[in-house]
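Architecture and fold: a report
The chain contents come next:
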Amino acid sequence: MLTLCLALWAGMAHAGAWPREEGTSFLSLGGNVALFDGATRPVHYDPTLYLEHGITPRLTFGIDGYAADAGTAGSLFAWIRLPWRPELEGDVWAVSTGLGVTLLPDGDREATGRLGLHWGRGLGNGWLALDAQGQLGVTRLSHQAKIEGTWGRELAPRWTGLIQAQAGYGLSGDIYAKTGGSLVWQASETLDLRLGLTRALTGDRGGGLTVESWWRF
């Protein structure tokens, strides 16, 4: 179960609670390749980059970045993640902190700090996870926050299904929410491919077709 969680949840847009195994790395690249129903906000092409590496059995280092809202929003962060409350049975908790740069709506860029709280629980043939993150700019005090939930379930030996939901507020103070479903195919021991659909529940309520690759090395 832990192997399944490490292989799948660690590659989503935001870090999960499970630590990356010492000396191993994970790289994810993807985005929406097609849009429908006039999708611009909060769903657009949304390219993402996610890389993490296990420094020690407890310490995970990572880099993540994205662009959104037709290129008017985005960020790039370096971060570390550590277990929290490891004595609890059945639940996996972690905290993360990072520093990076955020693209503001007026085109300016601001140095930004980020804090996160992460929870996960393994199930008989899947897992549940929650990620909450908040960030604050160090000069103009721009701020945003979001929470994302994921339910993953093994469907067949090489196939996994994901259901996700995300809500938060952006740099302009706008409240947004979106949801999606995906299928993940294990193409090889080191490569998974994800195909999914994302639908905005706020804004223009448009959607996108997502393609993403997950590499383990």
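Shown above is the structure to which this text applies.
My aim in this report is to walk through the structure given alongside it, one point at a time. (Residues numbered from 1 in each chain as written. Predicted model: local features only at pLDDT ≥ 70, side-chain atom pairs only at ≥ 80, totals over all residues. Heavy atoms only, no water.)

**Digging into the overall build of the chain**
The line we're drawing: Strands are runs of DSSP state E lasting at least 2 residues, helices are runs of H or I lasting at least 4, and numbering of each runs from the N terminus. Burial here depends on accessible area, computed with a 1.4 Å probe over protein chains only, as a share of the maximum for the residue type. Under 20% is buried, over 50% is exposed, and the range in between is partly exposed. Contacts are residue-level and defined by heavy atoms, with any inter-residue pair within 4.5 Å sufficient. Throughout, the Shrake-Rupley method with a 1.4 Å probe supplies accessible areas, and for residues the shown protein chains are the sole cover considered. For the purpose of counting charges, residues Lys and Arg are taken to be positive, whereas Asp and Glu are taken to be negative. His and the chain ends are not included. To locate a charge, take atom NZ for lysine, CZ for arginine, CG for aspartate or CD for glutamate.
When you go through the chain residue by residue, the secondary structure sums to one helix and twelve strands. Element order for the chain, N to C, with α for helix and β for strand: α-β-β-β-β-β-β-β-β-β-β-β-β. Looking at the chain as a whole, 43% of its 217 residues qualify as buried. Summarising the internal contacts of the chain: among those between residues at least 6 apart in sequence, 49% fall at separations of at least 24. A total of about 10400 Å² of accessible surface is found on the chain, and carbon and sulfur atoms cover 65% of it. Seen as two clouds, the 17 positive and the 21 negative side-chain charges of the chain have centres 2 Å apart.

**Comments concerning the pairing of strand β9 (residues 159-169)**
How we decide: Strand pairing is defined by DSSP finding a minimum of two bridges between the two strands.
Here strand β8 (residues 143-156) pairs with β9 via eleven bridges, running antiparallel. Note on β9: the bridge partner recorded for G149 is A165. Relative to strand β10 (residues 175-186), β9 runs antiparallel, the two being bridged by eleven bridges. Directly across from G168, in β10, lies its bridge partner Y176.

**Some thoughts on the sheet that holds β9**
Test applied: Here an axis means a line fitted to C-alpha atoms, over the contact stretch when the element is a helix, while the angle between two N-to-C directions is reported on a 0 to 180 degree scale.
If you walk around this closed barrel you meet the twelve strands as β1-β2-β3-β4-β5-β6-β7-β8-β9-β10-β11-β12, and the pairing is antiparallel. Averaged over neighbouring strand pairs, the angle between their axes works out to 20° when direction is ignored. Inspection of the sheet shows strand β1 (residues 25-36) paired to strand β12 (residues 207-216) by ten bridges, in the antiparallel sense. Bridged to F36 within β12 is G207.

**Quick notes on the pairing of β12**
Remember that side chains alternate between the two faces of the sheet whenever the strand is regular. In terms of burial, β12 is largely enclosed, as seven of its ten residues are buried. Pairing of strand β11 (residues 191-200) with β12, which is carried by nine bridges, proceeds in the antiparallel orientation. Paired with R194 across the two strands is E212, which belongs to β12. Counted between consecutive antiparallel strands, the loop separating β11 from β12 contains six residues, among which G203 sits at a positive phi close to 65°.

**Topic: the nonpolar core**
Stated precisely, the cut-off is as follows: We define the nonpolar core as a collection of buried residues of types Ala, Val, Leu, Ile, Met, Phe, Trp, Tyr and Cys that are connected through side-chain atoms lying within 4.5 Å of one another.
Grouped together as the largest cluster of nonpolar side chains are ten residues: W18, F26, Y50, F77, W79, W127, A129, L162, V184 and W214. Sorting the residues of this core by element identifies β4 (73-84) and β7 (126-137) as the ones contributing at least two each.

**Looking at the pattern of salt bridges**
Note the following rule: Salt bridges, as used here, are contacts in which a Lys or Arg side-chain nitrogen is within 4 Å of a carboxyl oxygen on Asp or Glu.
Going through the model one piece at a time under the given rule, you end up with nine salt bridges. Taking the shortest distance from any N to any O, the salt bridge between R140 and D106 comes out at 2.9 Å. On the criterion of sequence distance, the pair formed by R140 in the loop between β7 and β8 and D106 in the loop between β5 (91-103) and β6 (109-122) is long-range, its members being 34 residues apart. We note a salt bridge from R216 to D192, for which the minimum N-O separation is 2.9 Å. Residue R216 is located in strand β12, and its partner D192 is located in strand β11; the two are separated by 24 residues in the primary sequence. On the accessibility criterion, D192 (4% relative accessible area) is buried.

**Some words on the packing of aromatic side chains**
Applicable threshold: Any two rings among Phe, Tyr and Trp, with Trp reduced to its six-membered ring, count as a pair given centres within 6.5 Å; such a pair is stacked if its planes are under 30 degrees apart, edge-to-face if over 60, and tilted if neither. Charge-over-ring contacts are defined here by two conditions on Lys NZ or Arg CZ: a distance within 6 Å of the ring centre and an angle within 35 degrees of the ring normal.
With the rule as written, the count across this model stands at five aromatic pairs. Relative to W214, the ring of F26 lies with its centre 6.3 Å away and its plane at 55°, an arrangement referred to as tilted. Of this pair, F26 sits in strand β1 while W214 is found in strand β12, placing the two residues 188 residues apart along the sequence. In this structure, F26 and W214 share a single accessibility class: buried. Aromatic side chains W84 and W93 sit 5.5 Å apart centroid to centroid with 85° between the ring planes, which places their arrangement in the edge-to-face category. Looking at W84, the relative accessible area reads 38%, which means it is partly exposed. On the basis of relative accessible area, W93 is assigned to the partly exposed category, the value being 21%. One aromatic cluster in this structure is built from F26, Y50, W79 and W214. Its guanidinium or amino end placed over the ring of F77, R114 lies 4.4 Å from that ring's centre, counting from NZ or CZ. One Lys or Arg, K146, reaches over the ring of Y66 and ends 5.2 Å from the middle of that ring.

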